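These are the residues of each chain, in order.
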Amino acid sequence: MSELNRRRFFGTLSAAVLAGVGVAHGAVGAPARALSAAAAAPATQKGTRGAVVAIAPLPPQTPARVALPGGGVLNRLAGRGNVMALTLDDGVNTDVVRLYTQFARDTGVRLTYFVNGTYDSWTRNLALLRPLVESGQIQLGNHTWSHPDLTKVPTSRVAQEITRNDAFLKKTYGVDAAPYFRPPYGSYNSTVNAVAASLGYTATTLWSGSLSDSTVITEDYIIRMAEQYFTGQSIVLGHLNHLPVTHVYGQLRDLIRARQLRTVTLNDVYVPTH
């Protein structure tokens, strides 16, 4: 499928969030509460498959943080336990960014967004998203400004893409996204890593599993991917681009709870060394 089709904007909102029992982060290895029957609560919002059910999230706890490994590529979380980092890229679709953020707000799930600042979803959702960024529940990482394959552009363009996005995140959200950098398409080489590191982005962050939703796929396939990759110490890749994932928030939440996983941001797990 062409890049144009991959990154088409789906502007028609067809579903809203199934919210419910909180999925907050906690100490590495700490058990989550038992799966609640309230997770299957029916919908009330017009035209949606599920309703927001206001159930308090788990109280925040501080996980044991470890030093961020120096250099190299990060694709799994350190240690052995039941924490999982759900990391979401791009931001093509304003509604998907909004609904994922509402999902986080209503359930307590912790997320890391790897932002392409070129998309207006990041300014349109500023009022909703910024409080969660300021509280640390949602972390922002650098995914370049406009999503080129950095291995196929001049070195000067690599630096420009990273620095422009860095400046956007600082100006718009007041955060320094360093040291976490995700190269578009997962494509990197020694030159890309060296340029990123020179700009403070020393953690090239990939993933150990994916929802495979960079293109439009079925809701059932998204759940199949979640069942495969929602495991302890995993870094899971998803995308803020297409609406089908917004239809299955309830199932994703239930799977996290049933497996007694704790969602974390990268900042919850690591202490940067720079």
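As a reminder, the structure under discussion sits directly above these lines.
Every value quoted in this text rests on a predicted model; they were computed, and no experiment measured them.

Secondary structure summary: the protein contains nine helices and eleven strands in total. By residue count, 54% of the 274 residues in the protein fall in the buried class. Intrachain contacts of the protein at a sequence separation of at least 6 include 83% that bridge at least 24 residues. For the protein, the exposed surface amounts to about 11200 Å²; the carbon and sulfur share of it is 53%.

Mapped onto the fold, Phe181 is located in strand S6 (residues 180-181). Along the chain, Phe181 and Leu140 lie 41 residues apart, while their C-alpha atoms are 9.8 Å from each other. Apart from residues no more than four positions distant in its own chain, Phe181 is found in contact with Phe114, Asn142, Thr144, Leu150, Ile162, Val192, Ala196, Tyr201, Ala203, Thr204 and Thr205.

Before going further, it helps to spend a moment on the layout of surface pockets. Of the pockets and cavities examined, the largest pocket occupies roughly 180 Å³. Lining the largest pocket are 14 residues, with Val133, Gln139, Leu140, Val175 and Asn267 positioned closest to its centre. Listed by contribution, the elements that provide at least two residues to the lining of the largest pocket are strand S5 (138-142) and helix H9 (266-269).

Tallying each qualifying case throughout the model produces five aromatic pairs. When the ring of Tyr100 is compared with that of Tyr249, the centres are 5.0 Å apart and the planes differ by 55 degrees; the resulting orientation is tilted. In this pair, Tyr100 sits in helix H2 (residues 94-107) while Tyr249 sits in helix H8 (residues 249-258), placing the two residues 149 residues apart along the sequence. On the numbers, 5.7 Å between centres and 75 degrees between planes, the contact of Trp145 with Phe168 is edge-to-face. Of this pair, Trp145 sits in the loop between S5 and helix H5 (155-173) while Phe168 sits in helix H5, placing them 23 residues apart in sequence. Counting every residue linked through ring pairs, the aromatic cluster contains Tyr100, Phe103 and Tyr249.

Moving on, we get to the nonpolar core. Counting residues in each nonpolar core, the largest one holds 52 residues, and the members touching the most others are Tyr100, Leu111, Tyr113, Trp122, Ile138, Leu211 and Phe230. Per-element accounting of this core gives the leading share, six residues, to H2. Look past the residues within four positions of Trp122 in its chain and what remains in contact with it is Asp90, Gly91, Val97, Tyr113, Val115, Asn116, Gly117, Leu129, Phe168, Thr172, Tyr173 and Leu240. Leu77, Val83, Tyr180 and Leu266 belong to the second largest nonpolar core, which has 13 residues in total.

Moving on, we get to H8. Across the ten residues of H8, seven count as buried, placing the element largely inside the fold. Listing the buried residues of H8 in full gives Tyr249, Gly250, Leu252, Arg253, Leu255, Ile256 and Arg257. Where H8 is buried, its residues meet strand S3 (83-90), H2, helix H7 (219-229) and strand S10 (262-263). Once H8 ends, the next one or two residues include Gln260, with phi positive near 55 degrees.

Criteria and cut-off values
Here, residues in each chain are numbered from 1, in the same order as that chain's written sequence. Totals for whole chains, interfaces and linings use every residue, but because this is a predicted model, local features are given only for residues with pLDDT of at least 70 and side-chain atom pairs only at 80 or more, for both listing and counting. Note that water and hydrogens are dropped before the side-chain values are worked out from all heavy atoms of the structure. For the purposes of this entry, the term helix denotes a DSSP run of H or I that reaches at least four residues, the term strand denotes a run of E that reaches at least two, and both are numbered from the N terminus. Between buried and exposed lies partly exposed: a residue is buried under 20% and exposed over 50% of the maximum accessible area for its type, with that area taken using a 1.4 Å probe on protein chains only. Contacts are residue-level and defined by heavy atoms, with any inter-residue pair within 4.5 Å sufficient. Surface accessibility in these figures is a Shrake-Rupley result with a 1.4 Å probe; residues are shielded only by whichever protein chains are displayed. The way it works is a 1 Å grid over only the protein atoms, where trapped points that fit a 1.4 Å probe form a cavity and open points with protein on both sides within 12 Å along at least five of seven lines form a pocket, and then any residue with an atom within 4 Å of a point lines it. Grid points are joined across faces, edges and corners, and a volume is the space filled by probe spheres set on the points. Aromatic contacts are taken between Phe, Tyr and Trp rings whose centres are within 6.5 Å, Trp giving its six-membered ring; a plane angle under 30 degrees counts as stacked, one over 60 as edge-to-face, and the others as tilted. Nonpolar cores were defined as sets of buried Ala, Val, Leu, Ile, Met, Phe, Trp, Tyr and Cys residues, with membership established by side-chain atoms within 4.5 Å.

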